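Overview (structure and organization)
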Amino acid sequence: NLGSLTSISKWFARSCENLTEVLLPSVCTEIGEQSFFSCKSLSKINIEHVTNIGNTVFMGCSSLGGELSLPNLKTLGINVFQNTSITTVTHLGDIESIGEHVFNGCSLLSFVEFPNNLKSIGRSAFYNCRALNMELSLPELSVLGPYSFQNSGITKITSPKLETIGESVFYG
């Protein structure tokens, strides 16, 4: 029990290979960078109340899978869920940007509910998300970073405000 903890500091349980589950109190709204980096056995954590997630927090948590819902999310760092086993993302709060490599290597990711106010998707954000076989309608998107959907299954994208498209966005 983590009691009334309001934030998790950086490197909190970094590389803690035997950690399988974390129950955060509902008042915990911030997770610092690399807090659970490479916790390979971590399969369950309640983060739906979290508003800010730092860089590489769950990167390499290969057992972390299933549905991800972050309805209160305001900021999302880079590499956050890289190489996890997440299958669906049903809510990403009010974020306007998905940073670099956030879901890179999430080969089981098959569905993402993108926020309507999303303005940018960073470099390699969904790189190698081969199961992501869907059409995208992103009404406010203006920037699509390089390699953002490379080796993914995206079939169509509609974005009337798109101004910048990086290299190799849909390559592969």
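Up top is the structure these notes are about.
Per-chain numbering applies: the sequence of each chain, read as written, is numbered from 1 onward. Side-chain atom pairs in this predicted model are given and counted only at pLDDT of 80 or more, local residue features only at pLDDT of at least 70, and totals for whole chains, interfaces and linings cover all residues. Neither water nor hydrogens contribute to the side-chain values; these are computed over all heavy atoms in the structure.

Turning our eyes to something else, we now look at the pairing of strand β8 (residues 85-91). Where a strand is regular, its side chains alternate between the two sheet faces. For two strands to pair, DSSP has to find at least two bridges joining them. Put simply, DSSP marks the helices as runs of H or I at least four residues long and the strands as runs of E at least two long, and each gets a number from the N terminus on. Pairing between strand β6 (residues 65-69) and β8: five bridges, direction parallel. By the bridge assignment for β8, Gly66 is matched with Ile86. Relative to strand β10 (residues 111-112), β8 is paired through two bridges, and the arrangement is parallel. What sits directly across from Val89, in β10, is Val112.

What follows concerns the layout of surface pockets. We place a 1 Å grid over just the protein atoms. Points where a 1.4 Å probe fits but has no way out form a cavity, open points with protein on both sides within 12 Å along at least 5 of 7 lines form a pocket, and any residue with an atom within 4 Å of a point lines it. Grid points are joined across faces, edges and corners, and a volume is the space filled by probe spheres set on the points. Empty space within the largest pocket amounts to approximately 200 Å³. Within the residue set of the lining of the largest pocket, elements represented by two or more residues are β4 (44-45) and β6. Counting residues per element, the lining of the largest pocket draws most heavily on β6, which supplies four residues. For this scheme, ten residues count as nonpolar: Ala, Val, Leu, Ile, Met, Phe, Trp, Tyr, Cys and Pro. Four count as charged, namely Asp, Glu, Lys and Arg, and the remainder, Gly too, count as polar. When its residues are assigned to classes, the lining of the largest pocket shows seven nonpolar, four polar and three charged.

Among the structural elements, Thr84 can be located in the loop between β7 (75-76) and β8. Classification of Thr84 as buried rests on a relative accessible area of 4%. There is a polar contact of 2.9 Å between the side chain of Thr84 and the backbone oxygen of Phe81. Here, residues are in contact when the closest pair of their heavy atoms is within 4.5 Å. Beyond its immediate chain neighbours, meaning those up to four positions away, Thr84 contacts Phe58, Cys61, Ser62, Leu64, Gly105 and Cys106. The rule is simple: take the accessible area with a 1.4 Å probe, protein chains only, and divide by the maximum for that residue type; under 20% is buried, over 50% is exposed, in between is partly exposed. Throughout this description, a polar contact denotes any pair of N or O atoms lying within 3.5 Å of each other; where both atoms belong to protein, one of them has to be capable of donating a hydrogen while the other can accept it, and for residues adjacent in sequence the pair is counted only when both atoms sit in side chains.

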